[in-house]
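Chain by chain, the residues:
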Amino acid sequence: MANMNYQVEINYIASQIKKLREERNLSIQDLAYKCDIERANLSRIEAGVGNYTIKTLCKICSALEVPLSAVVK
């Protein structure tokens, strides 16, 4: 099994979420509200900081109206 660079993966997910949010002209606050998560938490996710759950990613993808596969490799 190859070693995975988790920070690279986290940064990719963060950039995809931010890109999709911006394409939909949503502010961080707007998306956080749609996901029922704190704005600060969403900011940390987009910054590639922290350790979030699959459930949180699913909430974000649902609010962005994309499948989970849209943000993960």
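Read on for an overview of the structure. (Residues numbered from 1 in each chain as written. Predicted model: local features only at pLDDT ≥ 70, side-chain atom pairs only at ≥ 80, totals over all residues. Heavy atoms only, no water.)

A closer look at the side chain of glutamine 16
Position of glutamine 16 among the secondary structure elements: in helix H1 (residues 6-23). Not counting residues within four places of it along the chain, the set of residues in contact with glutamine 16 comprises Ala70 and Val71. (Helix = DSSP H or I, 4+ residues; strand = E, 2+ residues; numbered from the N terminus. Contact = heavy atoms within 4.5 Å.)

Considering helix H3 (residues 39-46)
Residues Leu42, Ile45 and Glu46 constitute the buried set of H3. Buried residues of H3, seen end-on, are gathered within an arc of 95° and therefore sit on one face of the element. Packing partners of the buried residues in H3 comprise H1, helix H2 (28-35) and helix H4 (54-64). Looking one or two residues past H3, glycine 48 carries a phi angle of roughly 80°, positive in sign. (Buried < 20%, exposed > 50% of the residue type's maximum accessible area, 1.4 Å probe, protein only. Arc of directions from axis to C-beta.)

Some details on the packing of aromatic side chains
The final tally for this structure, using the stated rule, is zero aromatic pairs. Sitting over the face of the ring of tyrosine 12, lysine 73 holds its NZ or CZ atom 4.9 Å from the ring centroid. (Phe/Tyr/Trp six-rings, centres within 6.5 Å; stacked < 30°, edge-to-face > 60°. Lys NZ or Arg CZ within 6 Å of the ring centre and 35° of its normal.)

Looking at the nonpolar core
Counting 19 residues, the largest nonpolar core has Ile17, Leu31, Cys35, Ile37, Leu42, Ile60 and Leu64 as its most contacted members. For this core, the secondary-structure elements that each account for two or more residues are H1, H2, H3 and H4. It is H4 that provides the largest number of residues to this core, a total of five residues. In this structure, isoleucine 17 is in contact with Leu31, Ile45, Glu46, Leu57, Ile60, Leu64 and Val71, ignoring residues within four places of it in sequence. (Core = buried A, V, L, I, M, F, W, Y, C linked by side-chain atoms within 4.5 Å.)

Notes on the packing of H1 against H4
Running from N to C, H1 and H4 point in directions that differ by 25°, and their axes come no closer than 10 Å. Overall, the two elements H1 and H4 adopt an arrangement that is roughly parallel. H1 and H4 meet at a crossing whose hand is left-handed. Contacts from Ile13, Ile17, Leu20 and Arg21 in H1 reach Leu57, Ile60 and Leu64 in H4. Here the contact of H1 with H4 is composed, by residue class, of six nonpolar, no polar and one charged. (Axes fitted to C-alpha atoms, helices over the stretch in contact; angles between N-to-C directions. Parallel < 35°, antiparallel > 145°, perpendicular 65-115°, else oblique. Left-handed = near helix turned anticlockwise from the far one by under 90°. Nonpolar A, V, L, I, M, F, W, Y, C, P; charged D, E, K, R; others polar.)

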